[in-house]
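A look at the structure
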Amino acid sequence: MARGVLSFPLTAFHDDGSLDPDGQRAHVAARLAAGPGALFPACGTGEFFSLDEEEYRQVVTIAVEEAAGRLPVVAGTGYGWAQAARFARIAEEAGADALLVLPHYLVDAPQEGLAAQLEQLAARTRLPIVAYQRGQVAYDATSLRRIARIPNVIGLKDGHSDLDRLQRLTFAAPEDFLFFNGAATAEIQARAYATVGVPAYSSAVHAFAPEIAGAFFGALRSGDHGTTEKLLRDFYVPFVELRDRAAGYAVSLVKAAARLRGERVGPVRAPLADPSPADLADLSALLTAGLDLVGASL
């Protein structure tokens, strides 16, 4: 997974909201052509929360077929452990290599419950598991040690960006335990995460502009601070400012950007909403400028 950005593909829908398998296959193939380190279908960017079980099966199956064993396919799962186990079984049957456990729905939970959730799920799947702490899910060092003892729990994706807490978790974990930067628009904080030993990160930008995501990844890894700074200042920071204009733009803005590039991904599903015309115009201008920075075009 360290050879490239972690790619979180979108889920393609027709205009009537139904799943578009052909659009999905084309979108995944385009992501793979850009050389990511791993593929994470049906996760947050892929609107896992809006998929029924048959749609989920199709989305994961398409990713596995297109990847063809060339890189890991890590499927999303979530809700309570009983429902998460149902999705996990589907992912196993579809040929996924591992699972990313998305934060559970609605309720706050004590550390005992957070750890027990993973224990219950892990007992019901043979697949390796990466936990995702974000929102109401945040492990302390004691819980991290507990879940790291579960044989098939192999890592943690962090979306809190609390580097003090994250550093303590890295010290509490076994040496071979994996950590990932899962902050929204993770490139913004990629350098900071790397300082606490977490260089791997997910990239929503890879879902619509792999040229930009790849240029940033290469510059970061090679120590090209000039390119890193320019991409952050002239594309990533303005993109985050645009993303923060409305709830749900972390997904719907990404999907709109993919449509601007001619990808057949369709609209988002409710409760998300597509960007306003004014925001879409600003997105188009920013995307054009960002692509120009790396010698690409809309």
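In case you missed it, the structure is sitting above this.
Report on the accompanying structure. (Residues numbered from 1 in each chain as written. Predicted model: local features only at pLDDT ≥ 70, side-chain atom pairs only at ≥ 80, totals over all residues. Heavy atoms only, no water.)

Summed over the entire model, instances satisfying the criterion amount to 13 aromatic pairs. For the ring pair Phe235 and Phe239, a centre distance of 5.8 Å and an interplane angle of 15° mean the geometry is stacked. Taken as a pair, Phe235 and Phe239 lie in helix H9 (residues 225–243) at a separation of 4 residues, close to a single helical turn. For the pair formed by Phe235 and Phe239, the shared burial category is buried. Counting every residue linked through ring pairs, the aromatic cluster contains Tyr201, Phe208, Phe216, Phe217, Phe235, Tyr236 and Phe239. Directly above the ring of Tyr132 sits Lys157, whose terminal nitrogen or CZ lies 4.3 Å from the centroid. (Phe/Tyr/Trp six-rings, centres within 6.5 Å; stacked < 30°, edge-to-face > 60°. Helix = DSSP H or I, 4+ residues; strand = E, 2+ residues; numbered from the N terminus. Buried < 20%, exposed > 50% of the residue type's maximum accessible area, 1.4 Å probe, protein only. Lys NZ or Arg CZ within 6 Å of the ring centre and 35° of its normal.)

Looking now at the sheet that holds strand S6 (residues 153–158). Reading across the sheet, the 5 strands line up as S3-S4-S5-S6-S7 and stay open at both edges, with parallel pairing between neighbours. The two strands at the open ends of the sheet, each matched to only one other strand, are strand S3 (74–77) and strand S7 (178–181). The sheet shows a mean angle of 25° between the axes of neighbouring strands, direction not considered. Relative to strand S4 (residues 98–101), S3 runs parallel, the two sharing 4 bridges. (Pairing = 2+ DSSP bridges. Axes fitted to C-alpha atoms, helices over the stretch in contact; angles between N-to-C directions.)

Taken together, 3 strands build an open sheet; the order of strands is S2-S1-S8 and the sheet is parallel. Bordering the open sheet on either side are strand S2 (38–39) and strand S8 (202–203), each of which pairs with just one other strand. Summarising the sheet, strand S1 (residues 6–7) and S8 pair through 2 bridges and their orientation is parallel. Within S8, the residue paired with Ser7 across the bridge is Ser203.

Nonpolar side chains collect at one region of the surface, where Tyr105, Leu106 and Val107 lie side by side and expose about 370 Å² of accessible area between them. Relative to the helices and strands, Val107 resides in the loop between S4 and helix H4 (111–122). (Patch = residues over 30% accessible without salt bridge, like charges linked within 9 Å, V, L, I, M, F, W, Y side chains within 5 Å. Areas by Shrake-Rupley, 256 points an atom, 1.4 Å probe, with all protein chains shown as cover. Salt bridge = Lys/Arg side-chain N within 4 Å of Asp/Glu carboxyl O.)

Another aspect to go through is the packing of helix H10 (residues 249–260) against helix H11 (residues 277–293). Closest axis-to-axis distance for the H10/H11 pair is 10 Å, and the angle between their directions is 65°. Where H10 crosses over H11, the handedness of that crossing is right-handed. Across the interface between the two elements, Tyr249, Leu253, Ala256, Ala257 and Leu260 from H10 touch Asp279, Leu280, Leu283, Ser284 and Leu287 from H11. Of the residues belonging to the contact of H10 with H11, the class tally is 8 nonpolar, 1 polar and 1 charged. (Left-handed = near helix turned anticlockwise from the far one by under 90°. Contact = heavy atoms within 4.5 Å. Nonpolar A, V, L, I, M, F, W, Y, C, P; charged D, E, K, R; others polar.)

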